[in-house]
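Commentary on secondary and tertiary structure
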Amino acid sequence: MGSEPILFLRRWLKDPLMIGAIAPSSRELAAAMARLVPVDSHDPVIELGGGTGVITEALLDAGIAPARLFVVERDEALHDLLVKRFPEVRILLGSAADLTDLLRPFGVAKACAVVSGLPLLAMRDSLRDRIVEESFALLGPSAPFIQFTYGLASPIPRRKLGIQGEVKSRVLNNLPPASVWLYHRPAATAA
């Protein structure tokens, strides 16, 4: 076992509710998420919960330029790992609940997509809702919020938050199996 899965396991043992899974996401899951990101935009792509960088790597492999990618990670050890692995990507240490404040120094007020690896089902409702609202503050009506979940239902209360969403793929070759959801805010309720 390489050092990244061991680091991930240690971080999970320290704080299982905030890490959310005992193993990093699979490459197949990360690729399924990356395929949903619009590649024809010049706006930034925001990744929430960079972890060991599996999704970051898939986004880069999908053609997202490193200069367009911002990764938010709240765990200091995982943040340091991401900085070493992806020196050309902006890796931000902080909470996704403070997303707009974290991005303000970089002049980011709009994103073409938010890709989340956060364990939303394990969070307090108020924290989850704030993260989703912070994300949609940067997204236009057609811009996607992409989230995976191990749960059977939507990890985001769509009606409560005024967003629409659907399962775009199921990745059975992941531990545990996961669903990839794509959400957007209808034009009539876009902020």
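Structure: see above.
To keep things clear, this report deals only with the structure shown in the data block. (Residues numbered from 1 in each chain as written. Predicted model: local features only at pLDDT ≥ 70, side-chain atom pairs only at ≥ 80, totals over all residues. Heavy atoms only, no water.)

Notes on the pattern of salt bridges
As enumerated under the stated definition, the model contains ten salt bridges in all. The partner of Asp 125 in a salt bridge is Arg 128, with the nearest N and O atoms 3.3 Å apart. In this pair, Asp 125 and Arg 128 both sit in helix 7 (residues 125–136), three residues apart, roughly one turn of the helix. For Glu 133, the salt bridge goes to Arg 185, with nearest N and O atoms at 3.3 Å. (Salt bridge = Lys/Arg side-chain N within 4 Å of Asp/Glu carboxyl O. Helix = DSSP H or I, 4+ residues; strand = E, 2+ residues; numbered from the N terminus.)

Quick notes on the environment of Leu 81
If you trace the backbone, Leu 81 turns up in helix 5 (residues 76–85). C-alpha of Leu 81 to C-alpha of Thr 52: the two residues are 29 residues apart in sequence and 6.9 Å apart in space.

Things to note about the side chain of Asp 129
Assignment of secondary structure puts Asp 129 in helix 7. The class for Asp 129 is buried, based on a relative accessible area of 11%. Setting aside residues no more than four positions away along its own chain, Asp 129 makes contact with Pro 157, Lys 160 and Leu 161. (Buried < 20%, exposed > 50% of the residue type's maximum accessible area, 1.4 Å probe, protein only. Contact = heavy atoms within 4.5 Å.)

Some words on the pairing of strand 1 (residues 45–48)
Because side chains alternate across strand 1, one face comprises the buried residues Val 45 and Glu 47, and the other comprises Ile 46 and Leu 48, equally buried. Handedness of the crossover is the feature at issue here: the chain leaves strand 1, passes through helix 4 (residues 54–61), returns alongside strand 2 (residues 69–73), and the resulting connection is right-handed. Sheet analysis places strand 1 next to strand 4 (residues 113–116), joined by four bridges and oriented parallel. Across the sheet, Val 45 pairs through a bridge with Ala 113, a residue of strand 4. (Right-handed = clockwise from strand over helix to strand, strands pointing away. Pairing = 2+ DSSP bridges.)

Topic: the side chain of Ser 26
Positionally, Ser 26 belongs in the loop between helix 2 (16–19) and helix 3 (27–34). In this structure Ser 26 comes out as buried when scored by relative accessible area, which is 13%. Leave out the neighbours within four places in its chain, and Ser 26 touches Val 54, Val 171, Asn 173 and Asn 174.

Regarding the packing of aromatic side chains
In this structure the tally under the stated criterion is five aromatic pairs. Considering the side-chain rings of Phe 136 and Phe 145, the 5.8 Å spacing of their centres and the 25 degrees angle between planes classify their relative orientation as stacked. Phe 145 matches Phe 136 in its accessibility class, with the two residues each being buried. Each ring, one from Phe 148 and one from Tyr 150, has its centre 5.4 Å from the other, and the planes form 65 degrees; the classification is edge-to-face. Of the residues examined, Tyr 150 reaches a relative accessible area of 27% and is grouped as partly exposed. (Phe/Tyr/Trp six-rings, centres within 6.5 Å; stacked < 30°, edge-to-face > 60°.)

Some words on the nonpolar core
Core analysis: the largest hydrophobic core is formed by 29 residues, its most contacted members being Ile 46, Leu 48, Leu 103, Ile 131, Phe 145 and Ile 156. For this core, the secondary-structure elements that each account for two or more residues are strand 1, strand 2, helix 6 (99–103), helix 7 and strand 7 (178–184). When residues in this core are grouped by element, the largest group, four residues, is from helix 7. In this structure, Ile 156 is in contact with Leu 120, Val 132, Phe 145, Leu 161, Ile 163 and Tyr 183, ignoring residues within four places of it in sequence. Counting 27 residues, the second largest nonpolar core, distinct from the first, contains Ala 34, Ile 55, Leu 69 and Leu 82. (Core = buried A, V, L, I, M, F, W, Y, C linked by side-chain atoms within 4.5 Å.)

Observations regarding helix 3
When we look at burial in helix 3, the residues that qualify are Leu 29, Ala 30, Ala 32, Met 33 and Ala 34. The elements touched by buried residues of helix 3 are helix 4, strand 4, strand 5 (145–149), strand 6 (164–171) and strand 7.

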